[in-house]
Amino acid sequence: MGQQMTTTKTSLVTTDDGNEDNKQQPQIYAKDSLDRFGDDLCALLLSYFPFKDRFRCECVSKQFQRTVVGSVVDINIDDSFMRKISYKKRVNNQKLVSIAIKCPNIETIVCEVISTEYMKNMCKVLDTFRDNCLHLRQIYCKLWSNRTQLSETIGPLVTRIPYMSSQMTESLIHCHRLSQLVVHSLSDVFDSSSGQLLAKNLLKFEFNSYSSDNKKLLSAFVAHNQSLKSLKVMYDLSRGQNSHESVTQIYGQLSRLTQLRELTLDFEIFRAENSLSESLRTIGLNCKQLQRLALQLNSYNTTLNDQTLDSLRYYDRLKRLQLSLNENNISLLDNMEVLEPLKLCHRLQHLSLIIRQMSGEFLIDCDKQWPRLHYLSIKSRDFSRDCLSHISRLPALQTLVIQCQRSDGLRDNDFNDLLSSSPKLKVIEIRVNNEKKFYLK
Amino acid sequence: MADNADHIDGDDNEDVRAQQNLIKIKLKSSEGGIYECGLTAAKMSDLVKNMVESLGTDAVVTTEPIILGNEAVTDAALKKIIEWVEFHWDDPPVDHDFEDEKDRRNEELSHWDKQFIDVDDQALLFDVIAAANYMDIKGLVEVGAKHICSKIRGKSCQEVREMLKITNDFTAEEEDAIHKENAWIYAKD
């Protein structure tokens, strides 16, 4: 790596870029000059350039002029962009059209406009790009201010809404191709007057508030979104009238989403109860396609015990697990028993743990329990030395990430030893008190 | 526990790939140097993959090395390329349900890739990129592209020319005209 090679700087004939003008006479370019590349490769390399830098670089050379702007495939429209194309808060139309014409290959537009003053011009800007960029296929757009009403022409291009506020529900009427949506409350995807469901056949969905009178809505949503592959629910188990019954009801409904491949659950646990275990069981038994599970459990004044995660035994197909246990009650998680059920997930490839403490004892047979694990991340207060020797036996591990406050006096040597003794380990990333360090094979 | 789904999700495939990478094939640079590379790693190059598939694995293992005739495939470049594919061949496969093209394009390079591609000798860097492009190793071309773009980010046109040794073939008037056309980009953020 970073090895110094001394090559004689010879010259070479340019690669043929299919451009007739350049064919007449083969030109000689220095090997260390970007001029040696044909337009295709040059456009490919420059396609990773940030949007604004492209326009600044257009006058570098004729090749840049041919490639740097035309190769734009996605563009972020944010406040700074709007400011640049506006004069006294009014969009300069001519400017906008000339930009759009220069970038005929745009496929994706990400709207990140925040200021309301620019928000009202958003649709005009989007229309201009739509008229000039024939490859435009997707728009990602937050909908939180009623100044952005999606038109009939723009709506069908919107495929992702990273957040939609409750007053924007009507905009969904035109979004036939929507695949990803984040809302606060489940009721936000229903028309407030007709009660009609406006988001169907989604692939990814996230909501973070639910009350038990949403029961019918949930049932309708599930029925029309059987295509759903990824779901995130942030849900307060204990608040208000959310009884044990209502919790298990929700998960009974969600378990009808049999195509789910990814599920993220964010729980608050205020009192000892078994709704979590029961809910996990229902989903594990029904959602057979589930491969990724992320659980964030925040507990207050209650004890997580070895029953809490027991239902992970129904998740033996799981490939990726993220588990975060935040406890405000100090004494709890020195007890590793709560994590025991993880050992039943033999197909795990990717495991990320945020816990109070990691003990060597827990990892003793980790190589037998997780023979396919290639990514392991542990964030805990302490990380003890005896963990490393167990980790070194994980047969498929490629990446290890450790974040802790105290690292038990572990030094560079220890990590370099781990790299050489572990069969497939390539990278170790260590963060002790936010100081980051890498070890590479 | 072994049901049909197990075969579809590619665990067995992983073992086959590991087995196959124990098979070594020979690659020959345009300068004549011959280097060994694991079969699975070498097949990260679509060019090599197609050759192996049309010749048959047995033929490739026992007979002459695969010749990579493009001038960019120098000994030094080929060594770097083999280092890269031997590191990356067992990367977990991309699951398109979760990772999409746009996110990947915007993702930062891994620490290892950054160190790998940070080559002082620019002629070698460009050889590696051109050779990877010729050999059709998309992941490596992408690493090169991200590296170059991070190097010239925020630089002026003149600085970009100097850094990448680009000849300015515009007249002063032409350059001025383009500059004017793009004046909006210099407006205050």
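Quick caveat: nothing in here was measured; it's all calculated off a predicted structure.

Cut-off values and rules
- Residues numbered from 1 in each chain as written.
- Chains lettered and ligands numbered in written order.
- Predicted model: local features only at pLDDT ≥ 70, side-chain atom pairs only at ≥ 80, totals over all residues.
- Helix = DSSP H or I, 4+ residues; strand = E, 2+ residues; numbered from the N terminus.
- Rg over C-alpha atoms; globule rule 2.2 N^0.38 Å.
- Buried ≥ 20, exposed ≤ 12 C-beta atoms within 10 Å, placed from the backbone.
- Contact = placed C-beta atoms within 7 Å.
- pLDDT = per-residue confidence, 0-100.
- Core = buried A, V, L, I, M, F, W, Y, C linked by C-beta atoms within 7 Å.
- Nonpolar A, V, L, I, M, F, W, Y, C, P; charged D, E, K, R; others polar.
- UniProt positions renumbered as here; feature names shortened; annotations may be inferred.
- Axes fitted to C-alpha atoms, helices over the stretch in contact; angles between N-to-C directions.
- Parallel < 35°, antiparallel > 145°, perpendicular 65-115°, else oblique.
- Left-handed = near helix turned anticlockwise from the far one by under 90°.
- Pairing = 2+ DSSP bridges.

Engineer: Can you help me understand the overall build of chain B in this one?
Structural biologist: Within chain B, the regular secondary structure consists of twelve helices and three strands. Against the 2.2 N^0.38 benchmark of 16 Å for 189 residues, chain B shows a C-alpha radius of gyration of 21 Å, more extended than a compact globule. Expressed along its principal axes, the backbone C-alpha trace of chain B runs to roughly 65 × 45 × 30 Å. Every one of the 189 residues in chain B was classed for burial, and the buried ones make up 31%. Of all intrachain contacts in chain B linking residues separated by at least 6 positions in sequence, the fraction that spans at least 24 positions is 68%.

Engineer: It is not clear to me how the overall build of chain A should be interpreted in this structure. Could you clarify?
Structural biologist: The secondary structure content of chain A amounts to 14 helices and 21 strands. In chain A, which comprises 441 residues, the share counted as buried stands at 35%. Within chain A, counting contacts between residues at least 6 apart in sequence, those at least 24 apart form 68% of the total.

Engineer: Explanation requested: the confidence of the model for chain B in the structure shown.
Structural biologist: Low pLDDT means the predicted coordinates in that region are not meant to be read closely. Here chain B averages 88 in pLDDT, and 93% of its residues register 70 or above. Overall fold confidence (pTM) sits at 0.85, and the ipTM for the predicted complex is 0.90.

Engineer: What exactly am I supposed to notice about the nonpolar core here?
Structural biologist: Side chains of a nonpolar character, in soluble globular proteins, are inclined to be buried together. Ile109, Val158 and Ile391 of chain A together with Ala77, Ile81, Ala131 and Ala132 of chain B are the most contacted members of the largest nonpolar core, which totals 152 residues. The biggest single contributor to this core is helix H9 (residues 122-134) of chain B, with ten residues. Once you skip the residues sitting within four places of it in the chain, Ile109 of chain A turns out to touch Ile75, Ile77, Leu126, Phe129, Leu136 and Ile139 of chain A.

Engineer: Sorry, what's going on with unusual backbone geometry here?
Structural biologist: The phi angle of most residues is negative, glycine excepted, and most peptide bonds adopt the trans form. Residues and elements named next belong to chain A. Positive phi outside glycine occurs at Asn201, with the angle close to 55 degrees. Mapped onto the fold, Asn201 is located in the loop between strand E9 (180-183) and strand E10 (204-207). With 13 C-beta atoms packed within 10 Å, Asn201 lands in the partly exposed category.

Engineer: When you look at the interface of chain B and chain A in this model, what are you seeing that I'm missing?
Structural biologist: The accessible area lost on association of the parts is a frequent measure of interface size. The interface of chain B with chain A comprises 50 residues on the first partner and 51 residues on the second. Considering every element that reaches the side of chain B that touches chain A, the biggest residue donor is H9 of chain B, with seven residues. A class-by-class count of the residues in the side of chain B that touches chain A yields 24 nonpolar, ten polar and 16 charged.

Engineer: Looking at this structure, I do not really get the UniProt feature "domain: F-box" (unreviewed entry) in chain A. What am I missing?
Structural biologist: Mapped onto this numbering, the UniProt entry annotates "domain: F-box" (unreviewed entry) at residues 39-68 of chain A. For residues 39-68 of chain A, the end-to-end C-alpha separation is 10 Å, with 67% helix and 0% strand making up the annotated structure.

Engineer: What should I look at first to understand the packing of helix H6 (residues 75-88) of chain B against H9 of chain B in this one?
Structural biologist: Between two packed helices, both the angle of their axes relative to each other and the distance between the axes serve to describe the pair. Residue and element names in this part refer to chain B. Where H6 contacts H9, the axes come no closer than 9 Å and their chain directions differ by 65 degrees. Comparing the axis directions of H6 and H9 gives the class roughly perpendicular. Once H6 is placed against H9, the crossing between them reads as right-handed. Seen from H6, the contacting residues are Ala76, Ala77, Leu78, Lys80 and Ile81; seen from H9, they are Leu124, Asp127, Val128, Ala131 and Ala132. Residue classes in the contact of H6 with H9 are distributed as eight nonpolar, no polar and two charged.

Engineer: What am I meant to see in the UniProt feature "domain: SKP1 component dimerisation" (unreviewed entry) in chain B here?
Structural biologist: The positions that UniProt labels "domain: SKP1 component dimerisation" (unreviewed entry) are, in the present scheme, residues 138-185 of chain B. For residues 138-185 of chain B, the end-to-end C-alpha separation is 31 Å, with 69% helix and 0% strand making up the annotated structure.

Engineer: So what exactly am I meant to see when it comes to the packing of H9 of chain B against helix H10 (residues 138-152) of chain B here?
Structural biologist: All names here are of chain B. Running from amino to carboxyl end, H9 crosses H10 at an angle of 150 degrees, the nearest separation of the two axes being 8 Å. In terms of orientation, H9 lies roughly antiparallel with respect to H10. Between H9 and H10 the crossing geometry is left-handed. Between H9, through Val128, Ile129, Ala132 and Asn133, and H10, the contact on the second element is made entirely by Leu140, Val141 and Gly144. The class makeup of the residues in the contact of H9 with H10 is five nonpolar, two polar and no charged.

Engineer: In this structure, what is going on with the sheet that holds strand E3 (residues 66-67) of chain B? I would like to understand it.
Structural biologist: Adjacent strands of a sheet pair through backbone hydrogen bonds, lying either parallel or antiparallel. All names here are of chain B. Sheet architecture is open: three strands sit in the order E2-E1-E3, paired in mixed fashion. One side of each edge strand has no neighbouring strand; the edge strands of this open sheet are strand E2 (34-38) and E3. Direction of pairing for strand E1 (residues 24-28) relative to E3: parallel, over a ladder of two bridges. Among the inter-strand pairings, Lys28 is bridged to a residue of E3, identified as Ile67. Lying over the sheet, H6 contacts E1 and E2, oriented at roughly 10 degrees with respect to E2.

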